[in-house]
Amino acid sequence: MQGIEAMAEPYLERLASTLDALRILKSRRVRLECRHFFSGAALYANGKICATLTPKGFAVKLPEPDRLRLFQTRLGRRLRYFKNGPVKKEYVVLGRALQSHAGRMRSVLQDSIKYVTAY
């Protein structure tokens, strides 16, 4: 393992252990896979990214109403990987208050999985 993959390994391990702890289980309909993603890790559902864990935080891909609710309640913020880079419009970086609540985290991740596998 070299370079970026070595830097990303702790994120990959943390993402996989988070899924285990939250009991996010694989099903026959949905194939989940954790993989390296630049300097972090990504969760793929049926080959589509639904969540990332990077130095910028734990982000999930959600439909607009869910994103807006998290922004309004200050449980999430917009995702921007680079200082002057574009905002990743379908993603929300989850706040610590939400991440510390297992039931809410499980629900948000399941919503993200459903969202990306619906299209």
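Each value, and the rule that gives it
- Residues numbered from 1 in each chain as written.
- Predicted model: local features only at pLDDT ≥ 70, side-chain atom pairs only at ≥ 80, totals over all residues.
- Heavy atoms only, no water.
- Core = buried A, V, L, I, M, F, W, Y, C linked by side-chain atoms within 4.5 Å.
- Buried < 20%, exposed > 50% of the residue type's maximum accessible area, 1.4 Å probe, protein only.
- Helix = DSSP H or I, 4+ residues; strand = E, 2+ residues; numbered from the N terminus.
- Contact = heavy atoms within 4.5 Å.
- Salt bridge = Lys/Arg side-chain N within 4 Å of Asp/Glu carboxyl O.
- Phe/Tyr/Trp six-rings, centres within 6.5 Å; stacked < 30°, edge-to-face > 60°.
- Lys NZ or Arg CZ within 6 Å of the ring centre and 35° of its normal.
- Patch = residues over 30% accessible without salt bridge, like charges linked within 9 Å, V, L, I, M, F, W, Y side chains within 5 Å.
- Areas by Shrake-Rupley, 256 points an atom, 1.4 Å probe, with all protein chains shown as cover.
- Lys, Arg positive; Asp, Glu negative; His and termini not counted.
- Charge placed at Lys NZ, Arg CZ, Asp CG, Glu CD.
- Pairing = 2+ DSSP bridges.

Trainee: Just to check I follow, could you spell out the nonpolar core for this structure?
Mentor: The nonpolar side chains of soluble globular proteins are, as a tendency, buried together. In terms of nonpolar packing, the biggest core is built from 28 residues, with L43, F58, V60, L94 and L109 touching the most fellow members. Listing elements by their share of this core, those giving two or more residues are α1 (3-21), β2 (40-45), β3 (48-54), β4 (57-61), α2 (64-72), β6 (88-94) and α4 (102-117). For this core, the leading source of residues is α4, giving six residues. The contacts of L109, once residues within four sequence positions are left out, are L19, L22, I24, L43, A51, F58 and V60. Counting nine residues, the second-largest nonpolar core is a separate cluster that includes A42, Y44, A59 and L79.

Trainee: Quick question: what am I supposed to make of the environment of S27 here?
Mentor: Structurally, S27 can be placed in the loop between α1 and β1 (32-37). For the pair formed by S27 and M105, sequence separation is 78 residues and the distance between their alpha carbons is 19 Å.

Trainee: Can you walk me through the pattern of salt bridges in this structure?
Mentor: Close approach of charged atoms allows side chains with opposite charge to pair. Taken as a whole and assessed by the stated rule, the structure comprises three salt bridges. Between R35 and E33 there is a salt bridge; the shortest N-O distance is 3.5 Å. The residue D66 makes a salt bridge to R69 at a minimum N-O spacing of 3.2 Å. Taken together, the residues span about one helical turn, with D66 and R69 both in helix α2 at a distance of three residues.

Trainee: Is there a simple way to explain the packing of aromatic side chains in this structure?
Mentor: Each aromatic ring pair is specified by the distance between its two centres and by the angle formed by the two planes. Taken as a whole, this structure holds two aromatic pairs when the rule is applied. Considering the side-chain rings of F37 and F38, the 4.9 Å spacing of their centres and the 75° angle between planes classify their relative orientation as edge-to-face. Taken together, F37, F38 and Y81 form an aromatic cluster joined through their ring pairs. In this structure, R35 packs its charged tip against the face of Y44, placed 3.7 Å from the ring centre.

Trainee: It is not clear to me how a positive patch on the surface should be interpreted in this structure. Could you clarify?
Mentor: Taken together, R14, K56, R77 and R96 make up a surface patch of like positive charges. As for its placement among the helices and strands, K56 is situated in the loop between β3 and β4.

Trainee: What should I look at first to understand the pairing of β6 in this one?
Mentor: Remember that side chains alternate between the two faces of the sheet whenever the strand is regular. Bridging between β4 and β6 involves three bridges; their strand directions are antiparallel. Across the sheet, residue A59 finds its bridge partner in β6, namely V93. Bridge count for strand β5 (residues 76-79) against β6 is four bridges, and the pairing is antiparallel. Directly across from R77, in β6, lies its bridge partner V93.

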